[in-house]
Amino acid sequence: MTRPARALLSAQALRQNFEHVRAAAPGAKIMAVIKANAYGHGMLWAARLLRDADGFAVASVEEGAELRGAHIAQPICLLEGFFDPAELPSILEYRLAPVVHHAGQLTMLEQAAGLAGLDVWLKVDTGMHRLGFPVELAASAAARLAACPAVAGVRWLSHFANADNRFDTATKHQIERFLKLLDGLAVERSLANSAAVLAWPASHLEWVRPGIMLYGGSPLIGHSAAELGLKPVMTLQTRLIAVHQRNKGEAVGYGGDWICPEDMPVGVAAIGYGDGYPRHAPPGTPVLVNGARVPLIGRVSMDMITVDLRSQPQARVGDPVVLWGEGLPVDEIAAQAGTISYELLCCVTSRIPRVESTT
Ligand SMILES: *Cc1c(COP(=O)(O)O)cnc(C)c1O
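Residues numbered from 1 in each chain as written. Predicted model: local features only at pLDDT ≥ 70, side-chain atom pairs only at ≥ 80, totals over all residues. Heavy atoms only, no water.

The next subject is the packing of helix α6 (residues 103-110) against helix α7 (residues 135-146). Remark: α6 packs on α7, axes separated minimally by 10 Å, with the N-to-C direction vectors making an angle of 15°. Our classification of the angle between α6 and α7 gives roughly parallel. In this structure, α6 meets α7 at a crossing whose hand is left-handed. On α7, the residues that touch Ala103, Leu106, Thr107, Leu109 and Glu110 of α6 are Ala141, Arg144 and Leu145. Here the contact of α6 with α7 is built from residues that sort into 5 nonpolar, 1 polar and 2 charged. (Axes fitted to C-alpha atoms, helices over the stretch in contact; angles between N-to-C directions. Helix = DSSP H or I, 4+ residues; strand = E, 2+ residues; numbered from the N terminus. Parallel < 35°, antiparallel > 145°, perpendicular 65-115°, else oblique. Left-handed = near helix turned anticlockwise from the far one by under 90°. Contact = heavy atoms within 4.5 Å. Nonpolar A, V, L, I, M, F, W, Y, C, P; charged D, E, K, R; others polar.)

Per the domain assignment, the segments of the protein chain are domain 1 (11-215) and domain 2 (234-356). Computed from C-alpha atoms alone, the centre-to-centre distance between domain 1 and domain 2 is 37 Å. Summed over both partners, the interface of domain 1 with domain 2 comes to about 730 Å²; 63% of that surface belongs to carbon and sulfur atoms. Among the residues domain 1 hides against domain 2, the three largest losses belong to Tyr39, His41 and Ile212. Together they make up 57% of the total. Viewed at the interface, domain 2 and domain 1 are joined by 2 residue pairs in polar contact (both at pLDDT 80 or more). At the level of elements, α2 (35-39) and α10 (212-215) are the ones that each hand at least two residues to the side of domain 1 that touches domain 2. (Domains from an automatic or database assignment. Buried area = accessible area lost by both parts, 1.4 Å probe. Polar contact = N/O pair within 3.5 Å; in protein donor to acceptor, adjacent residues only side chain to side chain.)

Turning our attention to helix α1 (residues 11-24). Between the first and last C-alpha of α1 there are 20 Å, a value that for 14 residues agrees with the 20 Å anticipated at 1.5 Å per step. For α1, the complete set of buried residues consists of Ala11, Ala13, Leu14, Asn17, Phe18 and Val21. (Expected span 1.5 Å × (residues − 1). Buried < 20%, exposed > 50% of the residue type's maximum accessible area, 1.4 Å probe, protein only.)

Moving on, we come to the nonpolar core. Membership of the largest hydrophobic core comes to 114 residues, with the highest contact counts inside it found for Ile34, Tyr277, Ile305 and Trp324. Here this core spans two domains, since at least three of its residues come from each of domain 1 (11-215) and domain 2 (234-356). Filtering out sequence-adjacent residues up to four positions away, isoleucine 305 remains in contact with Gly267, Val268, Ala269, Ile271, Tyr277, Val287, Leu296, Val300 and Leu323. With 6 residues, the next largest nonpolar core counts Val252, Trp258, Met264 and Ile297 among its residues. (Core = buried A, V, L, I, M, F, W, Y, C linked by side-chain atoms within 4.5 Å.)

What follows is about the pairing of strand β15 (residues 286-289). Look at any regular strand and the pattern is simple: side chains alternate between the two faces of the sheet. Residues Pro286 and Leu288 of β15 are buried on one face, and the alternating residues Val287 and Val289, pointing to the opposite face, are buried as well. As judged from the 4 bridges shared by β15 and strand β16 (residues 292-297), these two strands associate in the antiparallel manner. Looking at β16, one finds that leucine 288 is bridged to arginine 293. In sequence, β15 turns back onto β16 through a hairpin of 2 residues, with asparagine 290 there showing a positive phi of about 50°. Alignment of β15 against strand β18 (residues 320-324), held across 2 bridges, turns out to be antiparallel. Following the sheet pairing, leucine 288 is matched in β18 by valine 322. (Pairing = 2+ DSSP bridges.)

Below, the structure written as structure tokens:
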């Protein structure tokens, strides 16, 4: 690790955010969503720390196999199910529970000769219109699963489209459709993502499926993570590798479209889009230098960014720079770059070492 860019990870923050889920949904089991390398934090790192989770959710058999290889024993849900019948033996071997969301998967299960003991999650489309059986076809899908020799147990889930908005009544309607469909059935059900864990208690049911809130991103429009009691798990940091005194009128960076409005110090930090810092972050995006906010200037390069040091004239080569995390919410940087915290966290590239913080 010669280059100073790294993602400092707080185990304490991850565990605190998990306890926050417990407190918000005390009656529910928690399926911790650790797909996409635990939103960029490291899947095994997260799974080991979340040892109190009742289950985990990932997107592929490979992820599930890696978890089993690391002796993670909890139920593991495959959120997109399987894509090809050839995956079914591995799914059984690793005791993974795939989502079943379309008729083709039912047929694959029915034709899986000699397999038995598979637990599945039957997915219903209650209004998001992405994956799942339409509500009207759910009962017949369930009947086919019940009659299928490969299948042992069936749980039910659906996913929200608009739960991040407390005022959007679509979520209420999705909850009602799901509850009505399963009224009177003694089955395990799951609806809630992070937003619903916090904002829609009627959706908690038997299993909640939090992702982003575990990592300290805000799942709710109009609410900062801090005000929701969530702690940033990842702090993306680096150091200044150059400080230059520039003259009024000099252009900084590719394209030369940022022009110094006066004689001023400009810092260069070792982080760029090759590390996952968003290239679309515009001039003015906040960056912490020695813990103080300074504005990004010029275009984001692959390995570097430039910052306006007029408010930090004492800044020197080697001084610490924070791109997001402790002291600078990732949600704020995401908003500046026209995206969401999820994308920024997932897109931290493999050349960034993940280092557990000691505090
Ligand atoms: C990713 C995902 C989640 C977690 O969503 P967050 O908004 O990160 O809490 C839950 N359920 C499903 C089906 C998902 O794909």
